Amino acid sequence: MKTDVIVGLAVIAGSLGAIIFLTLWCRRIIENLHSKRSKQPQKISEETGNEGS
Amino acid sequence: MKEANIRQSEIAVGLSRELKLFHITMMGVGMMIGAGVFIGIGNAIKIAGAGGVVLTFCLNGVIALFTAMSYAELSSAMPRAGGTYNFSRIAFGRGLGFLTGWMEWFASSVAGSLYAITFAMYTTHYLSQLGLIPLADFQLPVVEKLVGVGIAGLFLYINYRGASQTGTTGALLTLGQMITLSFIALAGVVVAFFHPERLANFEPFLPHGWSKLLITMGLTYVAFEGFEVIAQAGDETIQPRRNLPKAMLYSILLVVLTYVGLSFASVVAVKDVGEPAWIWIGKYGGKGFGQAISQLLPFGSFLTTVAVIFASTSALNATIYSATRASYALGRDRMLPEILACISKKNLTPYIAVLFTAGIVISVVAFLPTIDVASSASMMFLFLFFLVNLCAIRIRRQMGDELTYGFIMPLFPFAPVAAIITQVLLALWLIHVSLIAWIVVPVWIISGIIIYHAYAKHKTVVTQDEVMVLEEEPIPQKRRYRILLAVANPANAVQLAWHCYRFCQAKKAEVEVVHMVPVPPQLSFPDAPRYILTGEEAIGEAMLYLSANFRFGSTIRYCRSISRGIVSTASERKADLLVMGWEGYRRRGFALGSTIDPVLKRTTCNVAILKNCRQQRYRRVLVPFAGGPNSMFALETASIFVEKEAGQVTVFHVSLPGKTGVDVEAFLRRNLPLLKVDSSLFKPKSVASSNLLKTLLDEARQYDLVVIGASREGLFQQAVMGKLPEEFARQYEKPLIMVKASHPIKSFVRKWI
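Thresholds applied
Residues numbered from 1 in each chain as written. Chains lettered and ligands numbered in written order. Predicted model: local features only at pLDDT ≥ 70, side-chain atom pairs only at ≥ 80, totals over all residues. Core = buried A, V, L, I, M, F, W, Y, C linked by C-beta atoms within 7 Å. Buried ≥ 20, exposed ≤ 12 C-beta atoms within 10 Å, placed from the backbone. Contact = placed C-beta atoms within 7 Å. Domains from an automatic or database assignment. Helix = DSSP H or I, 4+ residues; strand = E, 2+ residues; numbered from the N terminus. Axes fitted to C-alpha atoms, helices over the stretch in contact; angles between N-to-C directions. Parallel < 35°, antiparallel > 145°, perpendicular 65-115°, else oblique. Left-handed = near helix turned anticlockwise from the far one by under 90°. Nonpolar A, V, L, I, M, F, W, Y, C, P; charged D, E, K, R; others polar.

Residues and elements named next belong to chain B. Membership of the largest hydrophobic core comes to 177 residues, with the highest contact counts inside it found for A68, A72, A116, I230, M248 and I252. In this view, M248 contacts G28, A68, Y71, A72, F227 and I230; residues no more than four positions away in its chain are not counted. The next biggest cluster of nonpolar side chains, apart from the first, holds 78 residues, and it includes Y558, I596, F641 and L696.

Right under this line is the structure:
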């Protein structure tokens, strides 16, 4: 098999793998943030005053 | 429209929240897989070969996914109709924001025209081939135009009827399209399985080498444009912070797998043609895909036509949706006449925006060379992709801590930076775009600029995340060193003004006093004037001290975040030094507080933060010294505040036992002449200690004032060095000035990104 075929197939496999991996990773981040947010009570306004004077 | 329709501002009629994850994912897929990909496959094989086409879609998929991650992060934080327009307005201000929305509207509309005419061309051609509509050649273009207008009208009506109808229709069409395309891809896999000799069609894998890939990537990248329609559905999606980012990522994944499957199928489909498969397909150019599929399946030609019809209609549906929401958002923020934001009471859709979009879509279909005009959409979409990656970086850096993200992209900022660079390279293919597109795009942009300056600039309303000027008397023109003094309350304003006076004297500066009125998110900006009195008093106090001797200006602004308000004002006013106070309070998780931390991090000019500073003489001043980038500015500040007669500045260095410390004397000898100060004022002192903080605190008790540089920036440096200056500042109770010097390169980068 020629070098460009091997490299080409590796790039194809790598790109598809990266796309699937990133999608699953991002999905996990979304779910984690969502579950964290739904556990927390509604955040009350953090800042009422002006810290800088 | 007989039902009563009302303006959004009069009664709170909002868009209806009906779209589910499935709907918006299908909408994104539908808009991406337009008819372009069927033409693109043949052309890409012609240029890059059989292996090159699969590589092209895989690599483009990665770039598109990086951009989708930027869109996903921003949409999850700001899930509102308007998409890129919202992001751009928040990141880069009203001017570029308007232009982005203006381009988004046009690009989506003309892309819709292209899909309408594609549908018309394929159906009329197929029906006339079957003999169902006997037409002479000269009649065909007229019929195509009529069919194009008809199908565009139908989908405009569906969009008017409601988000649910639009979503369901789009989902059904996309589902039909995905089934057809999956069937073709699957047939390719089956053929390759039973006839493995067909895999030889992939040889030569890259007949013209790797360099041609950039051209085919540019050529086919347009096939990944479309998922941004999902960002437009922020107001109409159930659980938008969760579903918008998911839909974007899923739609990219589905589309990449479909494109790779179709490319593979079209290559293995070719048999017994007497020449390499890539040459045979390439000979047909844009029609190569259809020719190959007709070899793969007995009814391949019919299947291709069905796929194109499904693809063009689902894309048409999604583009009209995107265009109407873009124009609706411009009307909502009064960038364009408010009438565009009118929502039908019955259908809860922006019916006037649909009407105006109909005007553009139908005009382009009926009266203009649609295919040429529509290629301008590709140029605009590429620009929007480029911009959204910039927005993701800028917004995360400048106001990331204020936003509630439903998704935070990994690999930041690598992913958006990589996407920006590759998109710039891919833009090179634009030289192949038709001349008409090169005329249309500048004309649309120039008309946008004119409308912005003549109308939008004056009429627009403040959005939730902007900083609004309430009262200001600025210094007309910057003539000398400019100091921005941020005051919060009258009690501390006098002390701040007194210290600012010393800076002004030393620098022969002009001074502008700013007061930020923080308006909590639950209040609207019009409710803010009740908070203004404190600011007016504070400015009045500062004015008494400063206005008589120095050029003086003042401004009061509303903002959601004080730190962002101060940073943006300092940048806008081209300040050289920002002076502000700190009462010593902080929230958990912050070094010096939620206001001071971002100010120190993001301000592009010099900063001096004053704690416990009163109107007093400073005879003994301590400058803790570690040789960092803020040392020079700390020494300069100390020289400004120390009593010139009988005063002393001690430059104090603590090194760890057994380690060689910084040579303070040599540093002073080298650098004091640059500051043009009396070197006899400065006295070096070095000690060795294993507890730096305690030693520093013990030493500092003997002094009237401490001037200390802020921590070096960068996670690595902070991990190694810790945040000693900030820890010291928190624990030290006597007068203290913390300084940070501007860095020209960093400041330039921060200003623009």
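All right, on to the domain arrangement of chain B then. By a widely used convention, the size of an interface equals the accessible area lost when the partners come together. Looking at the assigned domains, one finds that chain B contains domain 1 (16-459), domain 2 (467-583) and domain 3 (616-753). A straight line from the C-alpha centre of domain 1 of chain B to that of domain 2 of chain B covers 47 Å.

All names here are of chain B. The omega angle of the peptide bond from E203 to P204 is -10°, so this bond is cis rather than trans. Looking at the secondary structure, you find P204 in the loop between α6 (163-194) and α7 (213-220). Note the cis peptide between F412 and P413, where omega equals 0°. The backbone of D272 sits at a positive phi, close to 50°, despite the residue not being glycine. Mapped onto the elements of the fold, D272 is located in the loop between α9 (240-268) and α10 (277-284). For R334, which is not a glycine, the phi torsion comes out positive at approximately 60°. Topologically, R334 is positioned in the loop between α12 (300-332) and β2 (343-344).

Right, let's get into the packing of helix α11 (residues 288-296) of chain B against α12 of chain B. Residue and element names in this part refer to chain B. Two numbers describe how α11 lies on α12: the axes approach to 7 Å, and their chain directions differ by 130°. On the basis of the axis angle, α11 is oblique to α12. Across from G290, I293, S294, Q295 and L296 in α11, the residues of α12 making contact are G300, S301, L303 and T304.

Attention shifts here to the packing of helix α14 (residues 370-399) of chain B against helix α16 (residues 435-459) of chain B. Residues and elements named next belong to chain B. Close contact between α14 and α16 brings their axes to 8 Å; oriented N to C, the two are set at 60°. Accordingly, the angle class assigned to the pair α14 and α16 is oblique. For α14 against α16, the interelement crossing comes out right-handed. In this structure, α14 uses D372, V373, S375, S376, M379 and M380 to contact α16, whose residues at the interface are I436, A437, V440 and V441. Each residue belonging to the contact of α14 with α16 can be placed in one class, and the counts come to 7 nonpolar, 2 polar and 1 charged.

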